[in-house]
Amino acid sequence: MLTVDAIDTYYGEFQALEGVSLKVEKGQTVIVVGPNGAGKSTLLKTILGLQKARTGSIKFQDEEISGLAPHKVVERGISMVPEGGRVFPELSVQDNLRVGSYNPVARPNAQRQMEQIFSLFPILSDRKRQAAGSLSGGERQMLAIARILMSCPKLIMLDEPSLGLAPLVVNMVFDFIQQMKKEGYAILLVEQNANKALKVADYAYLVESGKLVYEGDRDSFDKNPYIKTAYLGL
Amino acid sequence: MLEELLMAFINGILLGGVLALLAFGLNLIFGVVKIIHMAYGQFVMLGFYFIYYFHTAWHMPLLVAMGAGIVVMGLLGMLVQLLIINPLLNAPRLNQLLALASLIIVLENLAQVIWGADYRGIPISMPIIQFGDIFIRSSYLLAFLGAIATLGILYLFLHKTYFGLAIRSVAQDVEIAKGMGINPKVIYYITLAAGGALTGVVAAFFIPIYTVHPHFGASFTLMAFVIVVFGGMGNLMGGFISAFIIGVVTSITAVLTSTEVADILALVMFILMMMVRPQGILGAKA
Amino acid sequence: MIMKRNSTTSKIVTAGVLLIIALAPLLATSEYMVHIGTLILLWAFVSTAWAYMARFGLVSLGHGVFLGIGAYIPVMLFNYYGVSPWLGMLAGVGAAVLVASILGYACFRFGLIGDYFALVTLAMAEVVSLAIVACREVTGGSLGCTLKASVGWASFQFDDKRYFYYIIFAFLLLALYIWRLIDKSRMRLALTAIEESELAASSMGVSIIRFKMGITLLSAGLTAMGGVLYAQYVTYINPGTISGVGVSLSTCFKAILGGMFNIFGPLAGSAIMVSLEEYFRISFDTGFLGVSEIIFGVVLLVMIIFLPKGIVGSVSEWLNKRFGVARS
């Protein structure tokens, strides 16, 4: 579905990504792990179009999307849950969800999607009219994910969903990611917490200092001694 | 004396309503595009001139002329977005301010060249309503009611439509808004069009009340800023309340002393507010 | 100019520019040209003083306050009480510095920065302008007020414009010299740190208010002196031309168009703007009153959009790229 081929991304003179390639197939959950500052967020931002790759190509469903403006990438079915559970603080929970279906493709189903989401996330239903900024960290993360689901995406990208959340809440978040996996969404997940991420992964990439260092399925990651000590704390 | 004060109070409220429209436009533009439209009062001046021109030179019926004026001002807003604001979106704030300040010079002199420096107006006599010893001009009352109605429509637009939702999202977080498939440039154009059209609406309400001249906009621009910052920059509700407060205070002070002192008082209130609570009455939103 | 700070090229260029200015009146073909030169130097002086604050992020849109005070107080004192302009200027500059200290302290104490600071200064400029108009019995209101004629050093008025030219040039040299001093001093480091992060600066013991006040009082005092010089030279003042929003913004323009981070930026900007204003004023028929202003406004707009670093800033950047001189 998504093929990223040898992209380089720069912030000014600083090279954040160098020759990174990855693939996400339909219905697959792919994770990208690595230390802080490795360039994982930059990778997602480049795919979405918030950053431009200087070289390389990004193809989604056989269409070249590298260089497209973000709203056009979203139109084609890629959505991103940004880092830190960013929601629109002064919009109500309901309105936040509505923005999710701004995309003309998603709009006709908006009402139905919202009902479905309220049954999946009853806490959000309770807080329907509350300003999103008054929700707790975990609730905001849920809202951020739910909002993405409103846009009927084909590929969901998540940027560090566990960041800043208490362990119990992190478990809840990953339960939902499992749920989305069951629903058949293709997922590209970027995480510092390799332990949790590997449990939902079909395939994994390891990025360090902007470069792809290792890739493999869950088993090969589990068995690799360097990764075990460096990232899985074993 | 009491009747005079009461009338000043009422006039302050009535005109406050129209000032609230101006504050709304400025706040909308600042909240969404993050730019201070320095030449907003001059837009009102131009709106007035256009309506005058359409009615007297092209012989459009007055209401049609007003409609046309509103549309033209909306288009002018978009033109300013295209030519001035877009190139400066990432420029230092000072450059943005100075660019729009240059626009003031261009617009005022454009008006002077096209229509001359004399006062122009459309003489419309409207009845005066009397309550005992209190006289209220129906033109003021109409302007007030029209302003409130317009604000109501704008509120509905912002809260009940997808465009309104998009505008509010871009104002709060343009990055995630992009991630939702919203194209910020389109939203900026809509915002500037709405802001421009609003000046046309204000100009329409002013037709039975004032006569226009090229420097007509200057006093409104400053007052509009005072109101907007006093209420909290980018805060639509703050601007609304602030417009009435400033409107009433200046109106009553003008009756008790003079218009200059009233203006000075408004400015001093503004300066004090900045020092005590810079985010304004209800808090800034940008 | 970072590139040129220590090189001999910069010293030669500086000396060259100053020499040209010093010799210009001797080569001038008419009194009119000396007049234009004087105006350029005057506004260069004022906008340089303005830039002291702006280059550290303290953007004031209300320097008309100090210009107005500096212009009106000595004139009022001379016209009504015969007070010598030499004393009057002390009163004017002193009053401006006092006002700056009150307003500045209030702003900095309450942490007003950025947009809010700029808008508050704008409002203050209007207050002063309106106050001058309101006291019309004393000041003449919007019709302005003329300095009583009297010639000689005692009354600081001269028939020959060249006296003013060189006196104002001296003040400009002073302002430029102070700019260099600031560049080399601790003040510059402190203010740069404050601009980047007030929090970090204060946690390192930098007294934020003290430095901000220092640069503000300096800027205000020199600007007020500019007002004094204006009044003595032009001998006619009114609130529209020497106070209020218009002259405040015009001062900003001169510094920005030249390049506000560069020591000669305001001078270049003044030269351009004063020349442009004069050119448009005289070259168009009065039948088309206003057309010249429109073109002037459009030129300003175009320059702000396409030359965000100002003339000197852009030239300096181009030279750096072209000749690859390393930035220090």
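What you see is a predicted model; the values in this text were computed from it and never measured.

(A) Representation of the interface of chain B and chain A in the model. Across the contact, 15 residues belong to chain B and 21 residues belong to chain A. For the side of chain B that touches chain A, the element with the most residues is helix 6 (residues 162–172) of chain B, which contributes six residues. Taken together, the residues of the side of chain B that touches chain A break down into six nonpolar, five polar and four charged.

(B) Highlighting the environment of leucine 39 of chain C. In this structure, leucine 39 of chain C sits in helix 2 (residues 31–54). In this structure, the C-alpha to C-alpha distance between leucine 39 of chain C and valine 99 of chain C, residues 60 residues apart in sequence, is 26 Å.

(C) Main features of the sheet that holds strand 1 (residues 2–11) of chain A. All names here are of chain A. Reading across from one edge, 2-1-4-5 is the order of the four strands in this open sheet, with antiparallel pairing throughout. The open sheet has two edge strands with one neighbour each: strand 2 (14–24) and strand 5 (63–64). Here six bridges tie strand 1 to strand 4 (residues 53–60), and the two strands are oriented antiparallel to one another. Bridging from a neighbouring strand, leucine 2 pairs with phenylalanine 60 of strand 4. Across the sheet, helix 1 (residues 40–48) touches strand 1, strand 2 and strand 4, and the angle it forms with strand 2 is around 70 degrees.

(D) Structural context of the interface of chain C and chain B. Each partner contributes residues to the interface: chain C has 33 residues there, and chain B has 33 residues. Put simply, the parts of the chain that give the side of chain C that touches chain B at least two residues each are helix 4 (85–109), helix 5 (114–134), helix 12 (245–258) and helix 14 (291–306) of chain C. It is helix 5 of chain C that contributes the most residues to the side of chain C that touches chain B, 12 residues altogether.

(E) Geometry of the domain arrangement of chain A. All names here are of chain A. Partitioning chain A into domains gives domain 1 (1–77 + 154–161 + 185–234) and domain 2 (81–152). Look at where the C-alpha atoms of domain 1 and domain 2 centre, and you get two points 25 Å apart. Contact residues are listed per partner, giving eight residues for domain 1 and six residues for domain 2. Those elements that place two or more of their residues in the side of domain 1 that touches domain 2 are helix 2 (70–75) and strand 7 (155–159). Tallying contributions element by element places strand 7 first for the side of domain 1 that touches domain 2, with three residues. Its residues assigned to classes, the side of domain 1 that touches domain 2 comprises four nonpolar, one polar and three charged.

(F) Representation of the sheet that holds strand 3 (residues 29–33) of chain A. All names here are of chain A. Here six strands make up an open sheet; going across it, the order is 6-7-8-3-9-10 and the pairing mixed. Each edge of the sheet is formed by a strand with only one pairing partner; in this case those strands are strand 6 (78–81) and strand 10 (211–217). Along the sheet, successive strands turn relative to each other by an average axial angle of 15 degrees, direction set aside. In this structure, strand 3 lies alongside strand 9 (residues 203–208), joined through four bridges in parallel fashion. Paired with valine 32 across the strands is tyrosine 205, a residue of strand 9. Taken strand by strand, helix 7 (residues 167–183) contacts strand 3, strand 7 and strand 8 (186–191), and its axis lies near 155 degrees from that of strand 8.

What counts and what doesn't
- Residues numbered from 1 in each chain as written.
- Chains lettered and ligands numbered in written order.
- Predicted model: local features only at pLDDT ≥ 70, side-chain atom pairs only at ≥ 80, totals over all residues.
- Contact = placed C-beta atoms within 7 Å.
- Helix = DSSP H or I, 4+ residues; strand = E, 2+ residues; numbered from the N terminus.
- Nonpolar A, V, L, I, M, F, W, Y, C, P; charged D, E, K, R; others polar.
- Pairing = 2+ DSSP bridges.
- Axes fitted to C-alpha atoms, helices over the stretch in contact; angles between N-to-C directions.
- Domains from an automatic or database assignment.

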